[in-house]
Amino acid sequence: MLKINDLDIHQGDFHLAADALTLTPGIHAVLGPSGAGKSTLLSVLAGFDRPQRGHISWQGRDITGLAPAQRPVAMVFQDNNLFPHLTIYRNIALALTQKSRVTADQHDRIVQAMDRVGLAGMGDRKPAQLSGGQISRAALARVILQAQPILLLDEPFAALGPALKQDMLDLLGDVAMQTGPCVLMVTHDPADALRIAPKTILVADHKITGTHDTRTLLENPPPALAAYLNTST
């Protein structure tokens, strides 16, 4: 389980806090108004930012002070964070090794991951040669290979059209079902949450709360979320 206790985050005039939150494996949407701190929460969980107070633990181990590379976390950013000068194969291979040559076992795993996300035969292409959906698939293949128990996604499919986004959400749901990570997915679209996330973390009014039943929360949102949803539809 992923646990957050007595968390206090300050960044200039910005303040965000959580009393206690326990997350089990499965997909959790992260919803809230623009600027509420959704991306900040993921950044703190990943170790790129540090809280001023509080603890983050995984399976009873305190990971609050660990560097990003030491945490049991994989993260997909909104821009998918692929290196433009590397082929898709090499971008995905970075999940396993920084070396220019891969072992036979690593090669097989990379090819399997590419097949799994629908990128078979595209390993020699560079990101600029792929569609937005294919780039998202490559980023997802890389985190599949990282095989970390905590997966953080910061609006990775926001730039995709409706049909492609639904395909990627369904693929993420399949991956989560098969491998069992604890997934936190930031989204601005309530339909995304309803599609694959039974539970939701709410970030609003400088507080992180959850886990809420997604459908119940969206049918009766608190004022800050209701105002945001009304202006975004």
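The coordinates are above.
(A) Structural view of the overall build of the protein. Helix and strand counts for the protein stand at 8 helices and 10 strands. Against the globule reference of 17 Å for 233 residues, the protein gives a C-alpha radius of gyration of 18 Å, in line with a compact fold. When the backbone C-alpha atoms are referred to their principal axes, the protein occupies close to 50 × 40 × 35 Å. Considering only contacts within the protein whose residues lie at least 6 apart along the sequence, 65% involve residues at least 24 apart. Carbon and sulfur atoms form 50% of the exposed surface of the protein, whose accessible area is close to 11200 Å². The centroid of the 20 positive side-chain charges in the protein is displaced by 7 Å from the centroid of its 21 negative side-chain charges.

(B) Looking closely at the layout of surface pockets. In this structure, the largest pocket occupies an estimated 400 Å³ of space. Sorting the residues of the lining of the largest pocket by element identifies strand 6 (73-76) and helix 4 (132-146) as the ones contributing at least two each. No other element matches strand 6, which puts 3 residues into the lining of the largest pocket. Its residues placed into classes, the lining of the largest pocket shows 11 nonpolar, 4 polar and 2 charged.

(C) Focus on empty space enclosed by the protein. Enumeration over the complete set of coordinates arrives at 2 cavities of 30 Å³ or more. Of the volumes computed, that of the largest cavity is approximately 70 Å³. What lines the largest cavity is Glu155, Pro156, Phe157, Ala158, Lys165, Met185, Val186, Thr187, His188 and Asp192. Residue composition of the lining of the largest cavity, grouped by class: 5 nonpolar, 2 polar and 3 charged.

(D) Quick peek at the packing of aromatic side chains. Applying the stated criterion to the full structure yields 1 aromatic pair. A ring pair is formed by Phe48 and Phe77, whose centres lie 6.1 Å apart and whose planes are at 45 degrees; its orientation type is tilted. In this pair, Phe48 is assigned in the loop between helix 1 (38-46) and strand 4 (53-58) and Phe77 in the loop between strand 6 and helix 2 (88-93), connecting sequence segments 29 residues apart. Residue class for Phe48 comes out partly exposed when judged on its relative accessible area of 46%.

(E) Spatial organisation of the pairing of strand 7 (residues 150-154). Along strand 7, 5 of the 5 residues are buried, which leaves the element largely enclosed by surrounding structure. In terms of handedness, the path from strand 7 via helix 5 (residues 162-179) over to strand 8 (residues 182-186) forms a crossover that is right-handed.

(F) View of the nonpolar core. Ile88, Ile92 and Leu172 are the most contacted members of the largest nonpolar core, which totals 48 residues. Counting residues per element, this core draws most heavily on helix 4, which supplies 8 residues. Residues in contact with Ile92, not counting those within four places in the same chain, are Ile110, Met114, Ala138, Ala141, Arg142 and Leu145. In terms of nonpolar packing, the next biggest core, distinct from the first, is built from 30 residues, Leu21, Leu152, Leu184 and Ile208 among them.

(G) Structural context of the pattern of salt bridges. By the definition in use, this model includes 5 salt bridges. A salt bridge links Arg53 to Asp6; its shortest N-O distance comes to 3.2 Å. Here Arg53 is found in strand 4, whereas its partner Asp6 is found in strand 1 (residues 2-11), with 47 residues between them in sequence. Linking Asp189 and Lys165 is a salt bridge whose minimum nitrogen-to-oxygen distance equals 3.0 Å. Of this pair, Asp189 sits in the loop between strand 8 and helix 6 (190-196) while Lys165 sits in helix 5; the two residues are 24 residues apart in sequence, bridging distant segments of the chain. Using a relative accessible area of 12% as the deciding quantity, one classes Lys165 as buried. Each of Asp6, Asp8 and Arg53 takes part in one network of salt bridges that share partners.

Rules behind the numbers
Residues numbered from 1 in each chain as written. Predicted model: local features only at pLDDT ≥ 70, side-chain atom pairs only at ≥ 80, totals over all residues. Heavy atoms only, no water. Helix = DSSP H or I, 4+ residues; strand = E, 2+ residues; numbered from the N terminus. Rg over C-alpha atoms; globule rule 2.2 N^0.38 Å. Contact = heavy atoms within 4.5 Å. Areas by Shrake-Rupley, 256 points an atom, 1.4 Å probe, with all protein chains shown as cover. Lys, Arg positive; Asp, Glu negative; His and termini not counted. Charge placed at Lys NZ, Arg CZ, Asp CG, Glu CD. 1 Å grid on protein atoms, 1.4 Å probe; cavity = no way out; pocket = protein on both sides within 12 Å on 5 of 7 lines; lining within 4 Å. Points joined across faces, edges and corners; volume = space filled by probe spheres on them. Nonpolar A, V, L, I, M, F, W, Y, C, P; charged D, E, K, R; others polar. Phe/Tyr/Trp six-rings, centres within 6.5 Å; stacked < 30°, edge-to-face > 60°. Buried < 20%, exposed > 50% of the residue type's maximum accessible area, 1.4 Å probe, protein only. Right-handed = clockwise from strand over helix to strand, strands pointing away. Core = buried A, V, L, I, M, F, W, Y, C linked by side-chain atoms within 4.5 Å. Salt bridge = Lys/Arg side-chain N within 4 Å of Asp/Glu carboxyl O.

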